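Residue strings, one per chain:
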Amino acid sequence: MGDTRTLQNLIDDCAARADTVITTTSFVTQAQATTWINQFIGKMRSRVIQEFDEDYYTITGPNSSTSLNVDAYPLPTDFFKLLGVDYSVDSGANWRTAHRLNFADRNRFGSSSSWPNSSRPRYKLFGTNLMLRPVPSSVYLYRLVYAPTLTRLVNLSDTFEFYDGWDRFIGASVAVLMLGKEESSVTTQKNEALEAWADICADVRVRDAGEPGRVQDSMGFAIGSRRFAFNEDDFE
């Protein structure tokens, strides 16, 4: 995927850019540098997920089961951002895509219903829970595709996986704060950070150059009270 960098690697890069040495007692301490490194990794990761969600830092969670007449299910403890919900009514033999429940439709599927015989299930994030409508009247499977929260770097041997060259943004950004604290010129490293961020944005837009993203119909058309999607797999 790219470069695996330890916290020690990142601290050393920041120190070299700021032309200083980072220790537990230096002007910019190891603890302070670690805090800044985690902050900028989090900023980079959040922006990439926000703008290019399903392509980066995404995992598919384990299969979970619904319960009879229960509509709210706790989100994973490491949940950060939801990318999609899949469900299966045949014990995982086939998976289908659940669509988001609009807030205005929150009472549309109030009563329990058998998912195979009803409109396609909808989901909505509700606090720390995932709400499912219609309320399941049996045991079905569902799974989340989501971006987990950032695991912060604490120990010098802790690692973070960067895509090719993205760690340059971290090193330059932290160096700007270090040089600023020392009241030294930050121009060179600030320009480096801006250039590195521009490179990241360019990289993420063309990760799958062979088949770029397409607009997908999500509204479809209606006949009477029945709504259909243009994608055959999305008929309700």
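Within any chain, residue numbers begin from 1 and follow the written order of that chain's sequence. pLDDT decides what is reported in this predicted model: residues at 70 or higher carry local features, side-chain atom pairs at 80 or more are listed and counted, and totals for whole chains, interfaces and linings draw on all residues regardless. Excluded from the side-chain calculation are hydrogens and water; included are all heavy atoms of the structure.

Trainee: Looking at this structure, how should I read the confidence of the model for the protein?
Mentor: For residues with low pLDDT, the predicted coordinates do not support detailed interpretation. Summary of the metric used: pLDDT quantifies the predictor's per-residue confidence within the range 0 to 100. Scored by pLDDT, the protein comes out at a mean of 84, with 80% of its residues at no less than 70. Whether two residues are in contact is decided by their heavy atoms, any of which lying within 4.5 Å being enough. Segment residues 230-236: pLDDT under 50, and 19 contacts once partners within four positions in sequence are set aside and those in other chains are kept.

Trainee: So what exactly am I meant to see when it comes to the pairing of strand E9 (residues 129-133) here?
Mentor: The side chains of a regular strand alternate between the sheet's two faces. Classification of residues uses two cut-offs on accessible area relative to the type maximum, computed with a 1.4 Å probe and protein chains only: under 20% is buried, over 50% is exposed, and between them is partly exposed. Helix and strand assignments follow DSSP, with helices taken as H or I runs no shorter than four residues and strands as E runs no shorter than two, numbered in order from the N terminus. Counting buried positions over the five residues of E9 gives four, a clear majority of the element. As paired strands, strand E4 (residues 72-74) and E9 are joined by three bridges and run antiparallel to one another. For Tyr 73, the partnering residue across the bridge sits in E9 and is Leu 130. Strands are treated as partners if at least two bridges between them are detected by DSSP. From the end of strand E8 (residues 122-126) to the start of E9, which pair antiparallel, there are two residues, and Gly 127 there has a positive phi angle of about 65 degrees.

Trainee: What is the right way to read the packing of helix H3 (residues 167-181) against helix H4 (residues 187-205) from this model?
Mentor: Each pair of packed helices can be described by the angle between their axes along with the distance between the axes. Only the stretch in contact is used when a helix axis is fitted, and all axes are lines through C-alpha atoms; the angle between N-to-C directions ranges over 0 to 180 degrees. It is the contact of H3 with H4, at a shortest axis distance of 8 Å, that shows an interaxial angle of 155 degrees. What the angle tells us is that H3 and H4 run roughly antiparallel. Once H3 is placed against H4, the crossing between them reads as left-handed. Here Arg 168, Phe 169, Ala 172, Ser 173, Ala 175, Val 176 and Leu 179 of H3 come into contact with H4, specifically with Gln 189, Lys 190, Glu 192, Ala 193, Glu 195, Ala 196, Trp 197, Asp 199 and Ile 200. Should an angle lie under 35 degrees it is considered roughly parallel, over 145 roughly antiparallel, and from 65 to 115 roughly perpendicular; all remaining angles are considered oblique. Crossing handedness: left-handed means the near helix sits turned counterclockwise from the far one by under a right angle, and right-handed means the same turn made clockwise.

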